Amino acid sequence: MDRELLIEIGFEEMPARWLPGLTRDLACSLQARLDEARVAAAASPLAFSTPRRLVATVAELSERQQDLESVVTGPPVSAAYKADGTATKAATGFARKHGVDVSALVEVDTKKGSYLAYQRHQGGRPTIEVLPTVLAATLRDLSFPKQMQWDAKLDDGRGELPFGRPIRWLLFLFGGQVVPFEIGRMVTAENDVGVVRTSNVTYGHRFLGDGAGEPIAVQSFTDHRTKLAERFVVLEREVRLERIRSALIARAEENEGSVDLATPALSALLDEVPDLVEFPVVVAGQFDKVFLELPGEVLATTMIHHQHFFPVAARQNAMAPTFLAVTNTAPENAERVSRNAERVLAARLRDARFFWDADRKIPLESRLERLGTVLFHHRLGSYREKAARMEELAAWIVSEVFDHGDARDDARLAARLAKADLTTEMVGEFAELQGVMGGIYAREERLPESVWQAIYHHYLPVRPEMTARPVAADLGLGAITWAAVALADKLDTIVGLFSAGERPTGSRDPFGLRRQSHGVFKILVDLPELTGLTVRPSCRDLLEVAARPFESWKTDPGVPTAVTAFILERLQFVLEQRGHDIRNVRAVIGAGGIGVRPLEARRKLEVLPEFTEGEDFKHLAVAFKRVRNIARNLSDVDYDLAERTEPALGDLLTKDAERELLEEIEIRRPVIETVISAGEDFRRGFAEAAKFGAAVDRFFAEVFVMVDDPVVRAARLRLMKRLERLILQLADISEIVTDSQD
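Bear in mind the structure is a predicted one, so any value in this text is a computation, not a measurement. (Residues numbered from 1 in each chain as written. Predicted model: local features only at pLDDT ≥ 70, side-chain atom pairs only at ≥ 80, totals over all residues. Heavy atoms only, no water.)

### Looking at the side chain of Ser734
What counts here: Under the scheme used here, helices are H or I runs from DSSP no shorter than 4 residues and strands are E runs no shorter than 2 residues, and both carry numbers assigned from the N terminus. Distance and chemistry together define a polar contact, namely a pair of N or O atoms within 3.5 Å, with one atom able to donate a hydrogen and the other to accept it when in protein, and with adjacent residues in sequence counting only for side-chain atoms on both sides.
Along the polypeptide, Ser734 turns up in the segment after α32 (710-728). Among the polar contacts listed, one links the side chain of Ser734 to the side chain of Asp732, at a separation of 2.5 Å.

### Focus: unusual backbone geometry
Along the chain, Leu460 connects to Pro461 via a cis peptide bond; the corresponding omega equals 0 degrees. With respect to the helices, strands and loops of the structure, Pro461 is situated in the loop between α15 (449-457) and α16 (472-475). Put simply, Arg469 and Pro470 share a cis peptide bond, and its omega is 5 degrees. Relative to the helices and strands, Pro470 resides in the loop between α15 and α16. The backbone of Asp151 shows a phi angle near 60 degrees, a positive value even though the residue is not glycine. Along the chain, Asp151 falls in the loop between α4 (127-141) and β7 (152-154). Backbone geometry at Asp403 places phi at a positive 60 degrees, although glycine is not the residue there. Within the secondary structure, Asp403 sits in the loop between α11 (383-401) and α12 (408-417).

### A short note on the environment of Pro504
Note the cut-off: Exposure categories follow from relative accessible area, calculated using a 1.4 Å probe and restricted to protein chains: below 20% of the type maximum is buried, above 50% is exposed, and the middle band is partly exposed. A contact between two residues is defined here by any heavy atoms of the two lying within 4.5 Å.
Mapped onto the elements of the fold, Pro504 is located in the loop between α17 (479-499) and α18 (513-525). We classify Pro504 as buried; its relative accessible area is 17%. It is 7.8 Å that separates the C-alpha atoms of Pro504 and Arg514, two residues lying ten residues apart in sequence. If we skip the residues at most four places from it in the chain, Pro504 touches Phe498, Asp509, Leu513, Arg514 and Phe566.

### Thoughts on the sheet that holds strand β6 (residues 113-122)
Stated formally: Pairing between strands requires that DSSP locate at least two bridges from one strand to the other. Every axis in this analysis is a line fitted to C-alpha atoms, fitted for helices over the stretch in contact. Angles between the N-to-C directions lie between 0 and 180 degrees.
The strand order across the open sheet built from three strands is β4-β6-β5, with neighbouring strands paired in antiparallel fashion. The strands lining the two open edges of the sheet, one partner per strand, are β4 (68-76) and β5 (106-110). Going across the sheet, the axis of each strand differs from the next one's by a mean of 45 degrees, ignoring polarity. Packed on one face of the sheet, helix α3 (residues 89-97) meets β4 and β6 and runs near 155 degrees to β4.

### Section: the environment of Glu36
Relative to the helices and strands, Glu36 is located in helix α1 (residues 19-36). We classify Glu36 as exposed; its relative accessible area is 55%. In sequence terms Glu36 and Ala601 are 565 residues apart; their C-alpha atoms lie 46 Å from each other.

### Topic: the pattern of salt bridges
Pairs may arise between side chains of opposite charge once their charged atoms sit close together. Selection criterion: We define a salt bridge as a side-chain nitrogen of Lys or Arg found within 4 Å of a carboxyl oxygen belonging to Asp or Glu.
Applying the stated rule across the entire model yields 63 salt bridges. Salt-bridge contacts for Arg240 lead to Asp275; the nearest nitrogen and oxygen are separated by 3.8 Å. One end of the pair, Arg240, is in helix α6 (residues 237-254); the other, Asp275, is in the loop between α7 (264-272) and β16 (281-286), with 35 residues separating them in the sequence. Considered together, Arg240 and Asp275 belong to a single accessibility category, that of buried residues. Between Lys721 and Glu724 there is a salt bridge, and its shortest N-O distance comes to 3.6 Å. Residue Lys721 and its partner Glu724 are both found in helix α32; the two are separated by three residues, about one turn of the helix. This pair shows no difference in class: Lys721 is buried, exactly as Glu724 is. Taken together, the salt bridges that share partners define one network made up of Arg628, Asp636, Asp640, Lys721, Glu724, Arg725 and Asp732.

### Notes on the packing of helix α9 (residues 334-359) against helix α14 (residues 436-444)
When two helices pack together, their arrangement is given by the angle between the helix axes and the distance between those axes. In plain terms, the rule: Throughout this description, any angle smaller than 35 degrees is read as roughly parallel, any larger than 145 degrees as roughly antiparallel, any in the 65 to 115 degree range as roughly perpendicular, and the remainder as oblique. Helix crossings get a hand from a simple test, with the near helix turned counterclockwise from the far one by less than a right angle marking a left-handed crossing and a clockwise turn marking a right-handed one. Here the nonpolar group is Ala, Val, Leu, Ile, Met, Phe, Trp, Tyr, Cys and Pro; Asp, Glu, Lys and Arg are the charged ones; every other residue, Gly included, is treated as polar.
Two elements in contact, α9 and α14, have axes whose closest approach is 11 Å; the angle formed by their N-to-C orientations is 50 degrees. As the angle between them shows, α9 and α14 are arranged oblique. In this structure, α9 meets α14 at a crossing whose hand is right-handed. For the pair formed by α9 and α14, the contact residues are Phe355, Trp356 and Asp359 on the first element and Met437, Ile440, Tyr441 and Glu444 on the second. A class-by-class count of the residues in the contact of α9 with α14 yields five nonpolar, no polar and two charged.

### Observations concerning the sheet that holds strand β15 (residues 257-258)
Across the sheet, four strands lie side by side as β15-β17-β18-β16; this open sheet has antiparallel pairing. Only two strands of the sheet have a single neighbouring strand rather than two, namely β15 and β16. Here four bridges tie strand β17 (residues 309-314) to strand β18 (residues 319-327), and the two strands are oriented antiparallel to one another. Bridging across to β18, Phe309 finds its partner in Ala325.

### Focus: the pairing of strand β11 (residues 182-185)
The pairing of β7 with β11 spans two bridges and is classified as antiparallel. Of the residues in β11, the one forming a bridge with Ala152 is Arg185. Relative to strand β12 (residues 196-199), β11 runs antiparallel, the two sharing two bridges. By the bridge assignment for β12, Glu182 is matched with Arg197.

### Some points on the pairing of β18
With respect to burial, β18 is a largely interior element, eight of its nine residues being buried. In the sheet, β16 pairs with β18 via six bridges, with the strands oriented antiparallel. Counterpart to Gly285 in the pairing with β18 is Phe323.

### Some remarks on the nonpolar core
As a reminder, the rule being used: By nonpolar core is meant a set of buried Ala, Val, Leu, Ile, Met, Phe, Trp, Tyr and Cys residues that side-chain atoms within 4.5 Å join together.
Of all hydrophobic cores here, the largest spans 151 residues; its most connected members are Ile397, Phe402, Met426, Leu661, Phe692 and Met720. Tallying contributions element by element places α17 first for this core, with 14 residues. Phe402 has contacts with Ile397, Ile480, Ala483, Ala484, Leu487, Leu527, Leu533 and Val535, leaving out every residue within four places of it along the chain.

### As for the side chain of Thr493
Residue placement: Thr493 occurs in helix α17. A polar atom in the side chain of Thr493 sits 3.0 Å from the backbone oxygen of Asp489. Ignoring anything within four residues of it in the chain, the contact list for Thr493 reads Phe376, Lys386, Leu513 and Gln516.

### Some thoughts on helix α24 (residues 598-607)
Burial of α24 is extensive: nine of the ten residues sit out of reach of the surface. Here α24 has its buried residues at Pro598, Leu599, Glu600, Ala601, Arg602, Arg603, Lys604, Leu605 and Val607.

### Some remarks on the packing of aromatic side chains
As a reminder, the rule being used: Side-chain rings of Phe, Tyr and Trp (the six-membered ring for Trp) are treated as a pair once their centres are within 6.5 Å; stacked means planes under 30 degrees apart, edge-to-face means over 60, and tilted covers the remaining angles. Note on geometry: a ring has a charge over it if NZ (lysine) or CZ (arginine) is within 6 Å of the ring centre and within 35 degrees of the ring normal.
Considering all chains together, one arrives at 15 aromatic pairs under this definition. Judged by centre distance (5.1 Å) and plane angle (45 degrees), the ring pair of Phe498 and Phe566 falls under tilted. Taken together, the residues span a long stretch of sequence, with Phe498 in helix α17 and Phe566 in helix α22 (residues 558-577) at a distance of 68 residues. The interplanar angle of 45 degrees and the centroid separation of 5.9 Å between the aromatic rings of Phe611 and Phe617 together place this pair among those described as tilted. This pair shows no difference in class: Phe611 is buried, exactly as Phe617 is. Counting every residue linked through ring pairs, the aromatic cluster contains Trp18, Phe144 and Phe163. A cation sits over an aromatic face here: Lys386 above Phe376, 4.8 Å from the ring centre.

This is the structure we're talking about:
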């Protein structure tokens, strides 16, 4: 007979951002531990969470462990019996080890021969006896961004139990019966918190209802959920989320406004607030209209990031002097909660208005001297020094790479002032507004749009997706200068920090270099959509110029090597994230190495799948792998020398198959090189490359490259190298070969 399992871990309030992951981890860990304990469940565990609890339940769990049948292999049969058939010491010792007679052993056939073996049967224990071990392992499995040492321990041989927050109660029922389990105290514990023992008791909302804080006895999950609801706890996160969503829309309409929950900031806030409350109630509040004179970004940041409030838009899409707050209180307390929220917000907005008025008295240009006191990195100097490097790099990018010399002065100015807002009072209080406030203050100073837009958005993008902000509509007339300044900032950070020895390792990336590189590739890959430009800069060119100010780039070969590996790895990640096949990505990136042009890589990947599934192209890819292997016998230096000094290949090749392949190369090369030069119509280029198939097949069928004659061998190696170089301009198509095709 199957029974219901119910577990509730009650704790002090857990950070909201941890709960979704913890809820998933609880279900996965419990399932894994039940499987490990051989306790069969009719369905997977369900997990729930509120700020004060994690809950897991399994509707039907077997009453007993499954029996365990195993075979333990002993000595070979040849060593187990003497010539007269009696058992040897090896056989009797093996039997004695398992507590049986030799006659109870069996013979099993293995790849190594016939062996004696013991068929061990282990009967299953009652599930209620196994569950304490399951819970202990599950508690150990849960991981947190930060763990607390709270003087707790488990009797599982591992001692202390760190956790995200101190555990205050444990509800642990199997078939309505309490499963005995306890969390003990370390002998060194200095506080008076007692041992936490399992029971059939849960707790409702901390201060709502007549029985707030009193224990509630439950018998099942249905009973548990029902009684929690009666005590103002909505257990299901999805229910809390939908209740909040509906209430936000309704309250906004009551205040003659609207709330756009689709915007990234409000969408993120809506995703967070269900994990802040157990009984969500939405209240509306007002603030003085005089604060509407502040930039909308300041108002939104104050409300969303600092207070977890939802701004309300007026009917004309302007911000209304109204906000919505999600509270953990009863509706009858809404008025009092609203007034308190208004007072808190008003204080924050008064500070913001003071900062706004004070900051505008000092022009950005006048802040550069103080910027010299703000440290970027102890080995790389101040932010003023970084801004100076950005200024030179942005000017080079906009004029030499983008071919927009007319924007050079604006790019220099934007780069020079980009970090000046780090010295403002507003950014000192609202760090989220870095860059944004610089752009706003530049706009207030009547600087050109191409300058203030570049400053405003230069920290973006931070994600590689095509939809990541900014989009062209955000950038207005500042698109080109923004791209130059943003690239300069990110490239200087990447190359500079690598030169200073700050490199990402595993999950550790304290300076966000992966995020910086994703921003670089988002700009380069989507350059036409963002700026209208069709230029295709290579990673090599950008990195070499960005590295000029850093001496270690020139003196330590490990620095450019590490940056190259990092950049190519990140580009591969970005392209894979956009849904491109990993083999195709490797083919496109591997062909160019650090000389890869990200926009070209994108365009190639958009058409390459049309060819990779064709049998002719697959066949050519296999043959090209052979071409590459053979071409390795001729170095690039020797090939270039031979092309300059040796006779033309047509005068050295005599066999029809090799001359046919040479002719195919000469016919196809102009088309492929035209495609490469234009940086577009790669469909035509790949189609042209696919036509090499028959000539390559015939060549390998009739010609042996590595002959003894050094002149003939060298000529044929040159032919292989020439074909390799031509196709590599498109992609290393050998990368699309699977192991089964190889």
